[in-house]
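What follows is each chain in one-letter form.
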Amino acid sequence: MNQDTLRIGIGHDTHRLKPGGPLRIGGIDIEHSHSLEGHSDADVLLHAVTDAILGAAALGDIGELFPDTDPQNKMKDSGEMLKAAFAKVTSAGFQINNLDCIIFAQKPKMSPVKRKIANRIAEILEINPEQVGVKAKTGEGVGTVGLHEVIMAECIVLLSKTV
Ligand SMILES: [Zn+2]
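None of the values given here were measured: they were computed from a predicted structure.

### Regarding the side chain of Ser160
Okay, step 1: Within the fold, Ser160 resides in strand S7 (residues 150-161).
Okay, step 2: Not counting chain neighbours up to four residues away, the residues in contact with Ser160 comprise Thr5, Leu6, Gly93, Phe94, Gln95 and Asn97.

### What to know about the environment of Phe66
Okay, step 1: As for its position among the elements, Phe66 is in the loop between helix H2 (62-65) and helix H3 (78-91).
Okay, step 2: Judged by its relative accessible area of 15%, Phe66 falls in the buried class.
Okay, step 3: Ignoring sequence-local partners within four residues, the contact set of Phe66 consists of Asn73, Lys76, Met81 and Ala84.

### Quick look at the side chain of Ser78
Okay, step 1: Tracing the backbone shows Ser78 in helix H3.
Okay, step 2: Looking at Ser78, its side chain comes within polar contact range of the side chain of His47, at 2.8 Å.
Okay, step 3: With residues up to four places along the chain from it excluded, the contact list for Ser78 reads Ser40, Asp41, Ala42, Asp43, Leu46 and His47.

### Section: the pairing of strand S5 (residues 94-104)
Okay, step 1: Pairing between S5 and S7: 10 bridges, direction antiparallel. Its bridge partner lying in S7, Asp100 is registered against Ile156.
Okay, step 2: Bridge count for S5 against strand S6 (residues 132-137) is 6 bridges, and the pairing is parallel. Across the sheet, the residue bridging to Ile102 is Lys135, located in S6.
Okay, step 3: Handedness of the crossover is the feature at issue here: the chain leaves S5, passes through helix H4 (residues 114-124), returns alongside S6, and the resulting connection is right-handed.

About the criteria used
Residues numbered from 1 in each chain as written. Predicted model: local features only at pLDDT ≥ 70, side-chain atom pairs only at ≥ 80, totals over all residues. Heavy atoms only, no water. Helix = DSSP H or I, 4+ residues; strand = E, 2+ residues; numbered from the N terminus. Contact = heavy atoms within 4.5 Å. Buried < 20%, exposed > 50% of the residue type's maximum accessible area, 1.4 Å probe, protein only. Polar contact = N/O pair within 3.5 Å; in protein donor to acceptor, adjacent residues only side chain to side chain. Pairing = 2+ DSSP bridges. Right-handed = clockwise from strand over helix to strand, strands pointing away.

If you want it as structure tokens, here you go:
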């Protein structure tokens, strides 16, 4: 297998919490006392996924594609950003093998919505929900995650070259 056949990518993101819900994570809105702060819709998980697939294809990062200095990106739907990144990756000849994600949030409980999030990511990326892993961790009550100051997300993805 030559080195261009399989490509791994990683993405990480952090957004601050602010009072007032709902909380948008992984393309869905979750009822919560807080939401995430950011220039776009601040979907921390979709940003990590976007960076992971761009990184695997060595096509830059989300900040290059959608600068936060561009007023057009204000309140932008991160699902649209991920779709645009996916289109770039696809036209470079890659397809997604699988991806695995972790959400780091003290609250709310993510277990009831993990399946819904995986389904939404699969829908955006035109893959099967079985190709999307979604896990959640708390911050054990310490640090910025544990004190409910931020939510972080990480994603790792494996791409393969189709052409
Ligand atoms: Zn972000």
